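A structural walkthrough
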Amino acid sequence: PVADRMTVPRSLYVHIPWCVRKCPYCDFNSHELAGQIPDTQYVDLLLQDLTQDLGELSPQSIRSIFIGGGTPSLFTPTAMTRLMTGIASQVEFSPNIEITMEANPGTVTGEAGKFEGFRSAGINRLSLGVQSFQAAQLQALGRIHDGDEASRAFALARRAGFDNINLDLMHGLPGQDLSLAMRDLAQAIALGPEHISWYQLTIEPNTVFYKNPP
């Protein structure tokens, strides 16, 4: 019944499909960036999609937004502000709305003020894709950052005012034994994030690892 659906808390997922490099384990809808991101056009199209979707739903505020990818942190703060402003113009935000953005450490540490810009855009929670702090494991996963960049990204996020940060880690990695896995976990805990997601590497169809298992 419509009445029952109206009582279910509503959330919004926004997908940013571009990456600097496609990771060999990734089966998400993501694509290596060639040139500049057409962020203005893409935001316009996202907001058009939202308008169409809202036409089929009953009016209701949303309690959370998750901006995933791909690599949303490739967006400029200006583009992210346009996106958030456009969403806010169409839907009501719950008073304590949680707005999460995924960020790759390799896309934020070289640009001063980028985290501050995302914070000003309305993002109040970050999910940092660390995966590992160890060089060999990061190289095997095709990541574009190193362990120091991961720690630096966390520190920059804190300095920008983020008090709700998740760290994504992976275990069961090529060349990783139990001691290395526990070392990654200990380093993540030492940073003091509000949340840690610790995923086991899985080999999914339509990935490089599926065709050439590590």
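Higher on the page you've got the structure.
Residues numbered from 1 in each chain as written. Predicted model: local features only at pLDDT ≥ 70, side-chain atom pairs only at ≥ 80, totals over all residues. Heavy atoms only, no water.

**Brief notes about helix 3 (residues 77-88)**
Within an α-helix, residues lying three or four positions from one another point in the same direction, as the helix has 3.6 residues per turn. Worth spelling out the cut-off: Secondary structure elements follow DSSP: runs of H or I no shorter than four residues count as helices, runs of E no shorter than two count as strands, and numbering proceeds from the N terminus. Each residue after the first adds 1.5 Å to the expected span of a helix. Classification of residues uses two cut-offs on accessible area relative to the type maximum, computed with a 1.4 Å probe and protein chains only: under 20% is buried, over 50% is exposed, and between them is partly exposed. In this context, the arc is that of the directions from the helix axis out to the C-beta atoms. Should any heavy atoms of two residues lie within 4.5 Å, those residues are considered in contact.
Here helix 3 contains 12 residues, and its C-alpha end-to-end distance of 16 Å stays within 8% of the 16 Å for a straight helix at 1.5 Å per residue. When helix 3 is considered as a whole, its buried residues turn out to be Ala79, Met80, Leu83, Met84, Gly86 and Ile87. The buried side chains of helix 3 occupy one side of the element, clustering within an arc of 160 degrees when seen end-on. Contacts from the buried residues of helix 3 go to strand 1 (10-16), helix 2 (39-54), strand 4 (62-69), strand 5 (93-103) and helix 4 (114-121).

**Quick word on the packing of aromatic side chains**
Two measures describe an aromatic ring pair: the distance that separates the ring centres and the angle between the ring planes. How we decide: For Phe, Tyr and Trp, rings pair up if their centres lie within 6.5 Å, where Trp contributes its six-membered ring, and each pair is then called stacked (planes under 30 degrees apart), edge-to-face (over 60) or tilted (otherwise). Charge-over-ring contacts are defined here by two conditions on Lys NZ or Arg CZ: a distance within 6 Å of the ring centre and an angle within 35 degrees of the ring normal.
A complete count under the given rule lists 3 aromatic pairs for this structure. In this structure, Arg119 packs its charged tip against the face of Phe162, placed 5.3 Å from the ring centre.

**Re the nonpolar core**
Going by this rule: Residues belong to one nonpolar core when they are buried, are Ala, Val, Leu, Ile, Met, Phe, Trp, Tyr or Cys, and are joined through side-chain atoms within 4.5 Å.
Residues Ile65, Ile67, Ile87, Phe115 and Ile123 are the most contacted members of the largest nonpolar core, which totals 45 residues. When sequence neighbours within four positions are dropped, the list of residues in contact with Ile87 reads Leu12, Val14, Leu47, Leu50, Ile65 and Phe93. In terms of nonpolar packing, the next biggest core, distinct from the first, is built from 8 residues, Cys23, Leu141, Leu173 and Leu201 among them.

**Some remarks on the pairing of strand 8 (residues 195-200)**
Applicable threshold: A pair of strands is considered paired only if DSSP assigns at least 2 bridges between the two. When the strands point away from the viewer and the connection leading from the first strand across the helix to the second strand turns clockwise, the crossover is called right-handed.
Looking at chain direction, strand 7 (residues 165-171) and strand 8 are connected through 6 bridges and run parallel. Counterpart to Leu167 in the pairing with strand 8 is Ile196. Handedness of the crossover is the feature at issue here: the chain leaves strand 7, passes through helix 7 (residues 178-191), returns alongside strand 8, and the resulting connection is right-handed.

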